[in-house]
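# Close look at the chain arrangement
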Amino acid sequence: MTTPTPVLFVVPHHVLMLDLAGPAEVLRVASQLNASEAGQAPPRFALSYAGPAAQVCTSIGLPLQGIAPLPEALAEGTMVVLVGVSGSDDPVLRRQIDDACAAVADWLKRVVAGRDVALLCVCSGALMAARAGLLDGRRCTTHHSLCASLQDMAPRAVVLENRLYVADGAIWTSAGITAGIDMMLHVLAERSSPRAAAAVARKMVVYMRRAGADPQLSAWTTGRNHLHPGLHRVQDAIAADPTRHWQADDMARLACSSTRHLARLFQEYTGGSPLDHVHRLRVALAREIITQSSLDMESVAQRAGFSSARHLRRIWRKFHDGAPSDDRAHALAEKH
């Protein structure tokens, strides 16, 4: 049995409920995987909840009770998750929220700073880490409406906008709300396996936008770490039908942009062209067919959207070392 990883969720007053429940659900579901689903020994996580107060009200008005005091020491290997809070126009509630965040920041200085602790900040949780000085000199992000505040609070940090999450050493920060799920799925992929993360994403019926170490997984999620809805529409359409004869005009219409602007978007957010993205997914599809069937290369090329086996091999070399046949040989060796 795998020794569970201790995970401490820090719960401040007026906690944003999805910031807490989303990442926690990722770990709960992951802890229920079997070895077949995870592709190896399944991960196990022991979740606990602590904060400045034993009872808090959440962003949706639901009270939470039984929250433990913030500990003065952490077990070895603990992951600390700072969840965000929801703002308020009520001056009394605003003061309560600020006092709770200040208490968390003081605790971070005493217990977390300078120690080998994995710290995950969901949404405005990054501001508490910044308040404790933990983001100085680090790359980080937060909800798009709070990026300027984060930069003011941590002037020595490198605040990145339009990111779902950012990892810098042992500190992770994410954008708002559901981005905490994206971040936790990727943490799961790193700590367990991309296969485990993909299984959890399927069970939670969420789209895994993050790339892991498995090339078959990363090809379908590479270039998705952005928040541009038009570009996501194009990428979703290509992923749904990579063998289609994709024309620049068709993709531009999906993005509601010109072909030239779409090309700039792809270059900015994926590091390549629209055609590069199409080719990456076709190669990933070809790789799946090659390793899971005995079809000849001409048939593989046709099914994956290439004009010929020669065309497949030429594009393949842009993304992989070796030849397509090497992957088939490796897959056959693993079966035997």
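Residues numbered from 1 in each chain as written. Predicted model: local features only at pLDDT ≥ 70, side-chain atom pairs only at ≥ 80, totals over all residues. Heavy atoms only, no water.

It is worth spelling out the sheet that holds strand β1 (residues 5-10) at this point. Sheet architecture is open: seven strands sit in the order β5-β2-β1-β6-β7-β11-β10, paired in mixed fashion. Of all the strands in the sheet, the pair left with one neighbour each is β5 (68-69) and β10 (165-168). The sheet strands contacting helix α6 (residues 179-191) are β1, β2 (45-51), β6 (79-82), β7 (118-121), β10 and β11 (171-174), and the helix crosses β11 at an angle near 150°. (Pairing = 2+ DSSP bridges. Helix = DSSP H or I, 4+ residues; strand = E, 2+ residues; numbered from the N terminus. Contact = heavy atoms within 4.5 Å. Axes fitted to C-alpha atoms, helices over the stretch in contact; angles between N-to-C directions.)

In this section: the pattern of salt bridges. Close approach of charged atoms allows side chains with opposite charge to pair. Per the stated rule, a full pass over the model turns up twelve salt bridges. Of the charged contacts in the structure, one is a salt bridge between Lys203 and Glu37, with a shortest N-O distance of 3.0 Å. With Lys203 in helix α7 (residues 194-204) and Glu37 in helix α2 (residues 35-38), this residue pair connects regions lying 166 residues apart in the sequence. Assessed through its relative accessible area of 47%, Lys203 is described here as partly exposed. A salt bridge links Asp98 to Arg131; the nearest nitrogen and oxygen atoms lie 3.2 Å apart. Taken together, the positions of Asp98 in helix α3 (residues 91-112) and Arg131 in helix α4 (residues 125-131) put the pair 33 residues apart, joining distant regions of the chain. Residue class for Arg131 comes out partly exposed when judged on its relative accessible area of 34%. Bridged by salt links that share partners, the residues Arg95, Asp98, Asp99 and Arg131 form one connected network. (Salt bridge = Lys/Arg side-chain N within 4 Å of Asp/Glu carboxyl O. Buried < 20%, exposed > 50% of the residue type's maximum accessible area, 1.4 Å probe, protein only.)

A few words on the state of the cysteines. For the structure on display, the rule yields zero disulfides. Its sulfur unpaired, Cys57 is 15 Å from the next cysteine sulfur, which belongs to Cys101. For Cys57, a relative accessible area of 29% puts it in the partly exposed group. (Disulfide = S-S within 2.5 Å.)

Taken as a whole and judged by the stated rule, the model has two aromatic pairs. Measuring from ring centre to ring centre gives 5.5 Å for Phe9 and Tyr49, while their planes differ by 25°; the resulting arrangement is stacked. Residue Phe9 is located in strand β1, and its partner Tyr49 is located in strand β2; the two are separated by 40 residues in the primary sequence. Residue classification places Phe9 among the buried positions, given a relative accessible area of 0%. Taking 5.8 Å as the distance between ring centres and 35° as the angle between the ring planes, the aromatic pair formed by Tyr165 and Trp172 counts as tilted. Taking relative accessible area as the criterion, Tyr165 reaches 9% and is therefore assigned buried. (Phe/Tyr/Trp six-rings, centres within 6.5 Å; stacked < 30°, edge-to-face > 60°.)

Next up on the list: unusual backbone geometry. Positioned with a positive phi, His14 is a non-glycine residue whose angle comes to about 60°. Along the polypeptide, His14 turns up in the loop between β1 and α1 (17-30). Overall, the relative accessible area of 11% leaves His14 in the buried class. Look at Cys123: it is not a glycine, yet its phi comes out positive at around 55°.

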